Amino acid sequence: MFKRFILPVGQGAFYVEKFENKKNIIYDCGSMHNKNKIPNLIENCFERNEIIEAIFISHLDEDHMNGVEELLKKCEVKRICFPLITEEMKLILKIKIMIEEAIGSSYSEFVKEFIENPEEAIKKIIEKKKIELIEILPIGEENKKEIDKEIIKNNKIKRIEKKSGEDIAQEIKGLEYNGNKWELIPYNFKQETRINEFKKNLKKEFKDEISLEKVEEIWKNNKDNSKEKIKKAYKNIKGSLNTNSMTLFSGIIQDEKSYYNTSISNYVYIKVGCLYTGDYEAKGKNKWETLEKAYQNYWKWIGFIQVPHHGSSHNCNDNLINKNAIYFISVGEKNRYKHPSPEVVHDITFKYSNNLYIVKEDKGVVIIFNNYMGIYNIFSSFNKTLETELKKFHLYLCI
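Rules and cut-offs
- Residues numbered from 1 in each chain as written.
- Predicted model: local features only at pLDDT ≥ 70, side-chain atom pairs only at ≥ 80, totals over all residues.
- Heavy atoms only, no water.
- Salt bridge = Lys/Arg side-chain N within 4 Å of Asp/Glu carboxyl O.
- Helix = DSSP H or I, 4+ residues; strand = E, 2+ residues; numbered from the N terminus.
- Buried < 20%, exposed > 50% of the residue type's maximum accessible area, 1.4 Å probe, protein only.
- Axes fitted to C-alpha atoms, helices over the stretch in contact; angles between N-to-C directions.
- Parallel < 35°, antiparallel > 145°, perpendicular 65-115°, else oblique.
- Contact = heavy atoms within 4.5 Å.
- Left-handed = near helix turned anticlockwise from the far one by under 90°.
- Nonpolar A, V, L, I, M, F, W, Y, C, P; charged D, E, K, R; others polar.

Asker: How should the pattern of salt bridges be read in this particular structure?
Answerer: Opposite charge on two side chains lets them pair, provided their charged atoms get close. Applying the stated rule across the entire model yields 30 salt bridges. The partner of Glu50 in a salt bridge is Lys18, and the shortest N-O contact between them spans 3.1 Å. In this pair, Glu50 is assigned in the loop between α1 (38–45) and β4 (51–52) and Lys18 in strand β2 (residues 12–19), connecting sequence segments 32 residues apart. Residue classification places Glu50 among the buried residues on the basis of a relative accessible area of 12%. On the basis of relative accessible area, Lys18 is assigned to the buried category, the value being 15%.

What follows is the structure in structure tokens.
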């Protein structure tokens, strides 16, 4: 048996994969306005000191990783995988946090410390436990030396670099489904479009070229209403100022035995694989083709797709949402970003007739694979064991 959870955190992301042999994989764990819900969800999903083989962080935004601290406290985490942190990336993220906090958002100390020094951030929580930090290199830049020069002060924490497209599951023993070896394929995509847009907006506001290095200095001096100019340049970006987004294929290349369910029909099959997209920018031909090429050997086996960036129209592409797959969006009720886009929802459900689950704060979804596929609702207040609290929603078979 294998279970995939889309947990109800509102404007954020928290996805859990639980294998029959008590191995767990997580993609993102965070919430923008409902962080206080995460401890309860973790309490109900995991036993004390339960092993999490790997946490994949798509990018270092508050709503995608502020729950990682709680996971580290409750569970035995073996690996954390995230996009390579360069000095440029740190600078951009610091600017983003500075502006976001000025306009009403808040970032946890753990997220800020992780951006600055992941080893030190983790050391404060699990000083005596061994853990690996796996930085995924940006696609196409495997030979560049844009790595941090930080001194690792805690020898219990080992930082490793992996190329985009390497199978992280190779290092995890016994990760499989129905006798098929599980694969975990991350790709780290640099997202420079919004950064360049921010720079152009700054030039427009200040009537001059402004380097990112000078933004913090200008902000602190606040001459000639400079803070308002920087905030305006930031707010006028069409989307989010993210430096990277790490996607993940999690699933199997299925053999005939696991692919076909002959007890139901000779022509019915169940696709177990999932493509997690984080906040990937799939809008536009080139960006879509980059993603398509990265997972060219896996599209046939993808039965579930996370709609990028909470269903934003700035991140979606017709080629991504027209697959024969089940789609899901994590989004907050009445969020200020107006996610998900009505156009995206319409196209997935009506234009391409795909199933779509919009997961907010009130209820999540669990998909159970056990030679069949059942999709069920789970509620944010569920207690005791998940098995007894599941409410059957419907059975969906990919044909």
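Structure's up, so let's keep going.
Asker: Can you walk me through the packing of helix α4 (residues 87–102) against helix α9 (residues 226–235) in this structure?
Answerer: Running from N to C, α4 and α9 cross one another at 105°; their axes reach a closest spacing of 11 Å. Our classification of the angle between α4 and α9 gives roughly perpendicular. On α9, the residues touching Lys96, Ile99 and Glu100 of α4 are Ile230, Lys231 and Tyr234.

Asker: Looking at this structure, how should I read the packing of helix α7 (residues 193–206) against helix α8 (residues 212–221)?
Answerer: Helix-helix packing: each pair is described by the crossing angle between the helix axes and the interaxial distance. Across the interface, α7 lies against α8 with an axial gap of 11 Å and an inter-helix angle of 50°. By the angle between their axes, α7 is oblique relative to α8. Crossing of α7 over α8 shows left-handed handedness. Every residue of α8 that contacts α7 at Ile195, Phe198, Lys199, Leu202 and Phe206 is listed here: Leu212, Val215 and Ile218. Here the residues of the contact of α7 with α8 are counted per class, giving seven nonpolar, no polar and one charged.

Remember, this is a structural readout, not a statement about activity or role.
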